[in-house]
Amino acid sequence: MLRFIVRRLLLLIPVLWGLSVALFLWVRALPGSPAQALLGERATPEKIRQIEIALGLDQPLYVQYWRFLEKALRFDFGTSIQSSRPVVEEMGRRFPATIELGVTALLIAVLIGIPVGYFAARRHGTWLDQLSVSASLVGITIPVFFLAYMLRYVFANQLGWLPNTGRQEARMLDVEHPTGFYVLDAIVTGNGPALSDALLHLVLPAVTLATIPLAIIARITRAAVLDVLNEDYVRTAEAKGLTARTITRRHVLRNAMLPVSTTIGLQFGLLMSGAILTETAFAFEGVGKFVAQAIPSRDYATLQGFILVIAALFVLINLLVDISYGLIDPRVRVR
Amino acid sequence: MSLLDVRDLSIVFSRRGRRDVRAVDEVTFSVAAGETVGLVGESGCGKSVTSLAIMGLLPKRGAAVGGSIKFDGTELTSLPADKMRGLRGRDIAMVFQDPMTSLNPVIPIGLQVTEVLRRHRDMDAAAASKEAASLLERVGIPDPARRLKEYPHQLSGGMRQRALIAMALACKPRLLIADEPTTALDVTIQAQILELLKELVVDSGTALVMITHDLGVVAGMCDSVHVMYSGRIVERASRWELFEAPRHPYTAGLLASVPRLDQARGEKLEPIPGSPRDTIPWTQGCAFAPRCRNRIESCTQGAPELVADKLRPDHDLRCFNPIDVAEQEAVTL
C-alpha cells in the first residue's frame, strides 16, 4: 500500500511538469499581454516595453520558463499583477474559502445524492423513481448562474432568511482567521456568532455548487444499486434470511459504492470549474473568482500558480479515491 | 406428514405491455423429512422458479404465486415477510447454481458464514467464528482459519461452492434446496460436491430438493424424481423405476440423450428433436406434443392429466400415449 502511494506521488512530478509547460505556453498564447491589460487605454509602445522589461517578459521563452520553474520549485509563483501581492499569499487567502465551499457542496451532494439514488433504485419503476430521475435531469441541466440568482432572489432578497453575498457580515470583520477556513476558525476559537455567520454564508453558494454533482451522484447511485440488486450474491443474502437492514448495508450499498466513489473523485474537477461561476455570482472571495479575473487581466503568475495547485489537488484527491476503492474492494487492493 | 407439501402451485409472471407467462402450473409434490427428491427438466421448464417460490424469493411485483406451499404445516405463500426471513437460512436453506457470482466479492468468507449464525443462532462474534471454522472444515475446506479471512476471489470454484454449502447448512436446516449446484463446476469437482452433499444430508437428516437437468445427478442421489416440462410435472416415480422403465416419451428422450459408457462405439446419441421453445400451451394439448415421437391425435386436442400409471401403482404420468413397457428394452439400453 505504501509503495503504491509513493509511486503515485512520484508520478505526480511528470504530470505537474508537463502541465507547467502547457500552462506556461497557454497563458502566453492568449492574445494581448499583461502590460497591455494593465495599461489599458494609456498604453504606448514605450510604457509597454518598460513594463515588459520589469516583468521579465522581454526575455526569450526558455529563459522565462526557467526562471518560473526555478521559483516554482521553491513554491514561489511570483507576484499577481491584479492585486500586486505574491501569488502564494493570494493562495493562502483564497484556497481555504474555496475548499470550505467545495467540501460543503460535496457533503451536500453525497449526503443527499446517495440516499436519493438508493431509494429511487429500491422503488424502481414507481413514480418516486421517475420523479428523482427527472429532478436529477433538471439538476444537471440548470445553468449555475441562473440558479444562483434565483436562490439569491428568493432566499436573500424576498424571504431574507440567508445572506445575499460574501463570506461574512461586515460586523464580523474584526474576527480573527488564523487558518482562513472561517467555519474551522470559528469552531477553534469557540466563537458562536462567527460560526453561524460563516455557515449561513455558505448555504446558498454551496447549494448552488452542489446541484450538478448531487444530480450526477444520485443517478450513478441509482444505476449502481439497480445493478447490485440483481446480483446473485444479494439473492444468496436473501436466502440466508438476513434482515433487510443487513442486506442493504453489507451487501448492497458496499458494492454499489464502488462506481459512486469514482464519480465523487471526478466531481472535484467539476466543483472547481463550477466554483468560478458560483463564486462570481455570490461575490465569494475564493479561488474561482480570482482565477476567472486573472484571465482578462493576463495575470500570468496567478494563472500558472493557481492552476498548477488545482491540478495537484485533483491528482491527490483521485489518489484518495483509488485508495478508498482498494479499501472497499479487495480484488483491486494493491500490495 | 411430509415436511414440504406443494399443492397445485402456479406461478405467473406479468409485465406491462407483455402477455402473462405461466411459468409453473399444477405442480404438486411433497418431500418427507430426510428424503431426497429430484426436480428434473431442461432450462426454462420451471424448476428453478419453483424453488424460488418455496424460498419466497420471487420478485414481489410481477410474479403471482397460486396454490399452496406448506412447510411443516405452515403455509408459506401467505407468511408475512419478516416471518419468512426468520425461516429462510434457518429451516429452509438454498445452494445456488453459480458459486462464482453467489458470494459477495467485497466481504471475507468468514463474515458471510458468521452472519447466518449470528442472525439465526444468536451466537456472539467469537462463537460464530469458531463455528464457521468447523463448518468450513466439515465441507472439506483445508486450513479453515485462514480461509475465513480470505475473499471469494481467492478461492477456486469448487471451494466457493463448498463455502456456500457451509453457509446453507450453518443452521442445520430441515430442508435444503440445491439448484443445479454442480452445473458451473468442472466435472471432477462436480462429483466431489455431490458426494459432499449426499454425505451431509444423510448425516444430518436434512431433506433435499435437488434441482437439475443432469440425470446422472438424479441417478446418484434422489429417492424419487419429478420430471418437469414446460411448467408442469409430466412424470414422477422412484429413481429405480424411472431409470428402469421411463413411461413418458420426454423422460425416455432425456435418458436416451445421455452418453453411456456401455454403448457401442460410434453409436449415435439420440437427442430429443426440437427445442424447449417448440411447445404448445397446455390449454391446447400436451406441451411436449410438437417434439414427441409417440404423438397421437388426442395429444393436440386437450391436455393430459397427471394420473397414476395403470401398469405401476407408484408411478404418475401425464401422457395419452406412454411408452409401452414391452418397448422399454429398445429405449433404455
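Residues numbered from 1 in each chain as written. Chains lettered and ligands numbered in written order. Predicted model: local features only at pLDDT ≥ 70, side-chain atom pairs only at ≥ 80, totals over all residues. Heavy atoms only, no water.

Chain B appears in an unreviewed UniProt entry as ABC transporter ATP-binding protein from Bailinhaonella thermotolerans. As its UniProt record puts it under Subcellular location (unreviewed entry), chain B is described as follows: "Cell membrane". Quoted verbatim from the Sequence similarities (unreviewed entry) heading of the UniProt record, the comment on chain B is "Belongs to the ABC transporter superfamily." (UniProt positions renumbered as here; feature names shortened; annotations may be inferred.)

Within an unreviewed UniProt entry, the label attached to chain A reads ABC transporter permease, and the organism entered is Bailinhaonella thermotolerans. Check the Subcellular location (unreviewed entry) section of the UniProt entry for chain A; it says "Cell membrane". UniProt lists a comment for chain A under the heading Sequence similarities (unreviewed entry), and it reads "Belongs to the binding-protein-dependent transport system permease family."

Chemist: If you had to explain the side chain of Arg291 of chain B to someone new, which residues and values would you point to?
Modeler: Residues and elements named next belong to chain B. Mapped onto the elements of the fold, Arg291 is located in the loop between helix 10 (249-256) and strand 11 (307-308). Polar contacts involving the side chain of Arg291 include one to the main-chain carbonyl oxygen of Pro273, which spans 2.7 Å. Here Gly274 takes part through its backbone oxygen, which lies 3.3 Å from a polar atom of the side chain of Arg291. Not counting residues up to four positions away in its chain, the partners in contact with Arg291 are Glu42, Tyr229, Ile272, Pro273, Gly274, Ser275, Pro276 and Asp278. (Helix = DSSP H or I, 4+ residues; strand = E, 2+ residues; numbered from the N terminus. Polar contact = N/O pair within 3.5 Å; in protein donor to acceptor, adjacent residues only side chain to side chain. Contact = heavy atoms within 4.5 Å.)

Chemist: Can you explain the pairing of strand 9 (residues 224-229) of chain B? Please cite residues and give values.
Modeler: Counting buried positions along strand 9 of chain B yields six of six residues, so the element is predominantly enclosed. As consecutive antiparallel partners, strand 9 of chain B and strand 10 (residues 232-238) of chain B are separated by two residues, and within that stretch Ser230 of chain B has a phi angle of approximately 50°, a positive value. (Buried < 20%, exposed > 50% of the residue type's maximum accessible area, 1.4 Å probe, protein only. Pairing = 2+ DSSP bridges.)

Chemist: Give me the interface of chain A and chain B: which residues, what numbers.
Modeler: Contacts between the two partners involve 25 residues from chain A and, on the opposite side, 28 residues from chain B. Carbon and sulfur atoms supply 54% of the area buried between chain A and chain B, which totals about 2200 Å² over both sides. Among the residues chain A hides against chain B, the three largest losses belong to Arg235, Ala239 and Lys240 of chain A. Together they make up 25% of the total. Where chain A touches chain B, the interface holds four salt bridges. Here Arg88 of chain B ties to Glu238 of chain A by a salt bridge, and the two come within 3.5 Å at their closest N and O atoms. One can count 16 residue pairs in polar contact (both at pLDDT 80 or more) joining chain A with chain B. The set of elements that each furnish at least two residues to the side of chain A that touches chain B consists of helix 10 (232-239) and helix 11 (244-281) of chain A. Counting residues per element, the side of chain A that touches chain B draws most heavily on helix 11 of chain A, at eight residues. Considering only residue class, the side of chain A that touches chain B consists of eight nonpolar, eight polar and nine charged. (Buried area = accessible area lost by both parts, 1.4 Å probe. Salt bridge = Lys/Arg side-chain N within 4 Å of Asp/Glu carboxyl O. Nonpolar A, V, L, I, M, F, W, Y, C, P; charged D, E, K, R; others polar.)

Chemist: Explain the packing of aromatic side chains residue by residue, including any values.
Modeler: Within this structure, the stated rule accounts for 11 aromatic pairs over all chains. Centroid distance Phe95 of chain A to Phe306 of chain A: 5.5 Å. Interplanar angle 15°. Geometry classified as stacked. Of this pair, Phe95 of chain A sits in helix 5 (residues 87-122) while Phe306 of chain A sits in helix 13 (residues 300-328), and the two are 211 residues apart along the sequence. With relative accessibility at 7%, the residue Phe95 of chain A sits in the buried group. On the accessibility criterion, Phe306 of chain A (0% relative accessible area) is buried. Ring centres 6.1 Å apart and planes at 50° place the aromatic pair Phe155 of chain A and Trp161 of chain A in the tilted group. Through a chain of ring-to-ring contacts, the aromatic side chains of Phe24, Tyr65 and Phe68 of chain A assemble into a single cluster. In this structure, Arg28 of chain A packs its charged tip against the face of Phe24 of chain A, placed 3.7 Å from the ring centre. Here Arg239 of chain B stacks its cationic end above the ring of Trp240 of chain B, 4.6 Å away from the centre of that ring. (Phe/Tyr/Trp six-rings, centres within 6.5 Å; stacked < 30°, edge-to-face > 60°. Lys NZ or Arg CZ within 6 Å of the ring centre and 35° of its normal.)

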